[in-house]
Amino acid sequence: CVLVTATLAAALVWPALGSGLVDHPFAADSVKYLDGVWQATAYPGGPAPGPTPGPPPPPMSNCVFTPGQDFHSKLSNNTGHPVPASTKEGCCGACHIAGTACVAATFDTHDAQCWIKDAQDASGGSYIRHDPLGPFLIGCLKPASPPAPPSPSPPAVMTITGTVPGDLITDLQTAGLIGDPLHELIYKNATLWDDYVWVYSTTFSMADVAVGTDSSRGNGSRGDTATVLVFDGVKMGATIAVNGHPIGTVSDQFLRYVFPLSAAVMRAEPGANTLTVKFDQSVDCDGRWMACTGGWDWAPVSTTKQGGAATFTKGIWKSVYVATVSTAAITHVVPQILYNGAYPTEPLQDGSHGGFTVEVVVHMWTSVATSGTTRIAGAWGGTASSHVSLPAGDSTVTLVMNATASQVQLWWPAGAGKQPLYNLTTT
């Protein structure tokens, strides 16, 4: 066989831009990546507020820690409820998140396990355990009147650092609020990632991205330039807003979503634009996320479901960027290589086989109808071009060229030969 790799271009050859999981991004006039550190904020279950995330939870120092301390019930044998936490501070934070359902907590340093206690679980008061190997329990007593978090309404229960590309469970583990989710039964306690509405947010500037002013385009254009917000991959249903204006919904982990940005939505001041992604279980995803989510023969079986399909984590798992498009953007390039000779019954030989046909499907997007010439060029010397008339929105163009036996070397599996690759450039 012969393999080619794709290079994109739109007006100019697309440069290597951005960071993180760059997955075949738009080839456009400009691409501004929003990957990196975001803010992840949890709100009580139900409708989350608009795009402005709330404040962080009360400081962990509000808890009073006592080595060796535990709490018991005078009404039952309950020892509390286990929740994931890898530090005593994380255990205290879990107690705060539980609200009135937690009056105290005990962190087991030996097993890295947090036990939160409600009023009944701690009704017998506290005591000091004298263990032969020394105190491995740390009691965490929540103050009777913790400081109330400032409003919005409803108030945020916690804010942590989020990472894009990434996922919520990894962010919770990095923040020290849960242990290794694959350790023992930690993954079965889904309180933090499933019982709250999580909102990921970031700010960005349009200083180096064209902001639309021509209302006749209707898609955030300035002259002949449209501005679009692109999500290469979001797992689980979510609603997207910019500066408080809802611009769309995502419901399929495997699709790229493109949202035009209008001048009415955007703000020109540096850092003045706020982008929010609110993960919302009311968004119907019809199970369109990776099949191993929530359990496989090598993965833990979770206890959470959405629409009847098992779930485990959520997040913005691929890149996010703002792109400007003056004519047309190249969104995907899909080469298909077909052998031209008779069906081989023995290994092919370099220089004496039937050669290959390279069919290239070029996917493009434009905000208004336009026309131009699409070209492809292979590093082995093959070329093809076609004049195209594109309607507004998504379009595809198929171009075909040959790769003869004298132009290319064969690609072999590891151990059977070399693996030459050939660049394919699309403009």
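Refer to the preceding data block for the structure.
Note that the structure is predicted; figures quoted are calculated from it, not measured.

For the chain, the count of helices and strands is three helices and 28 strands. The contacts in the chain between residues at least 6 apart in sequence include a share of 71% that link residues at least 24 apart. A total accessible area of about 19800 Å² is found for the chain, and carbon and sulfur atoms account for 55% of it.

A few words on the nonpolar core. Counting 46 residues, the largest nonpolar core has Leu 229, Phe 231, Leu 275 and Ile 316 as its most contacted members. No other element matches the four residues that strand S14 (residues 196-204) contributes to this core. The residues contacting Leu 275, other than those within four sequence positions of it, are Leu 34, Trp 38, Tyr 200, Ser 201, Thr 202, Phe 204, Leu 229, Phe 231, Ile 240, Ala 241, Val 242 and Val 320. Formed by 22 residues, the second largest nonpolar core is a distinct cluster that contains Ala 328, Ile 330, Val 360 and Leu 424.

This paragraph deals with the sheet that holds strand S4 (residues 30-33). Spatial ordering of the open sheet is given by S4-S22-S15-S18, a layout of four strands whose pairing is antiparallel. Two strands in the sheet have a free side with no partner beyond their single neighbour: S4 and strand S18 (257-260). Sheet twist, expressed as the mean angle between neighbouring strand axes with direction ignored, is 25 degrees. Summarising the sheet, S4 and strand S22 (residues 320-325) pair through four bridges and their orientation is antiparallel. When the sheet's bridge partners are listed, Tyr 33 is paired in S22 with Tyr 321.

Looking now at the sheet that holds strand S10 (residues 113-117). Sheet strands pair via backbone hydrogen bonds, and the direction of the pair is either parallel or antiparallel. Spatially, five strands are ordered S6-S12-S9-S10-S8 in an open sheet, and the strand pairing comes out antiparallel. The two strands at the open ends of the sheet, each matched to only one other strand, are strand S6 (64-67) and strand S8 (81-83). Taking each pair of neighbouring strands and ignoring which way they run, the sheet shows an average axis angle of 25 degrees. Two elements, strand S9 (residues 104-108) and strand S12 (residues 137-141), share five bridges in a ladder whose sense is antiparallel. Residue pairing for S12: Asp 108 is matched across the bridge by Leu 137.

What follows covers the pairing of strand S26 (residues 383-390). Pairing between strand S25 (residues 370-378) and S26: eight bridges, direction antiparallel. For Thr 374, the partnering residue across the bridge sits in S26 and is Ser 386.

Structurally, the position occupied by Asp 70 is in strand S7 (residues 69-71). Judged by relative accessible area, which is 9%, Asp 70 ranks as buried. In terms of polar contacts, Asp 70 uses its side chain to reach the side chain of Thr 106, at 3.0 Å. There is a polar contact of 3.3 Å between the side chain of Asp 70 and the side chain of Lys 117. In this structure, Asp 70 is in contact with Thr 106, Lys 117, Gly 125, Ser 126, Tyr 127, Arg 129 and Leu 137, ignoring residues within four places of it in sequence.

Before going further, it helps to examine the pattern of salt bridges. Scanning the model with the defined rule gives five salt bridges in all. Between Asp 70 and Lys 117 there is a salt bridge; the shortest N-O distance is 3.3 Å. Of this pair, Asp 70 sits in strand S7 while Lys 117 sits in strand S10, placing them 47 residues apart in sequence. Here Arg 288 and Asp 286 are joined by a salt bridge, their closest N and O atoms 3.3 Å apart. A relative accessible area of 58% places Asp 286 in the exposed class. The structure contains a network of salt bridges with shared partners spanning Asp 252, Asp 286 and Arg 288.

How each quantity is defined
- Residues numbered from 1 in each chain as written.
- Predicted model: local features only at pLDDT ≥ 70, side-chain atom pairs only at ≥ 80, totals over all residues.
- Heavy atoms only, no water.
- Helix = DSSP H or I, 4+ residues; strand = E, 2+ residues; numbered from the N terminus.
- Contact = heavy atoms within 4.5 Å.
- Areas by Shrake-Rupley, 256 points an atom, 1.4 Å probe, with all protein chains shown as cover.
- Core = buried A, V, L, I, M, F, W, Y, C linked by side-chain atoms within 4.5 Å.
- Buried < 20%, exposed > 50% of the residue type's maximum accessible area, 1.4 Å probe, protein only.
- Pairing = 2+ DSSP bridges.
- Axes fitted to C-alpha atoms, helices over the stretch in contact; angles between N-to-C directions.
- Polar contact = N/O pair within 3.5 Å; in protein donor to acceptor, adjacent residues only side chain to side chain.
- Salt bridge = Lys/Arg side-chain N within 4 Å of Asp/Glu carboxyl O.

So, to be careful, I would describe these as geometric facts and stop short of saying anything about function.
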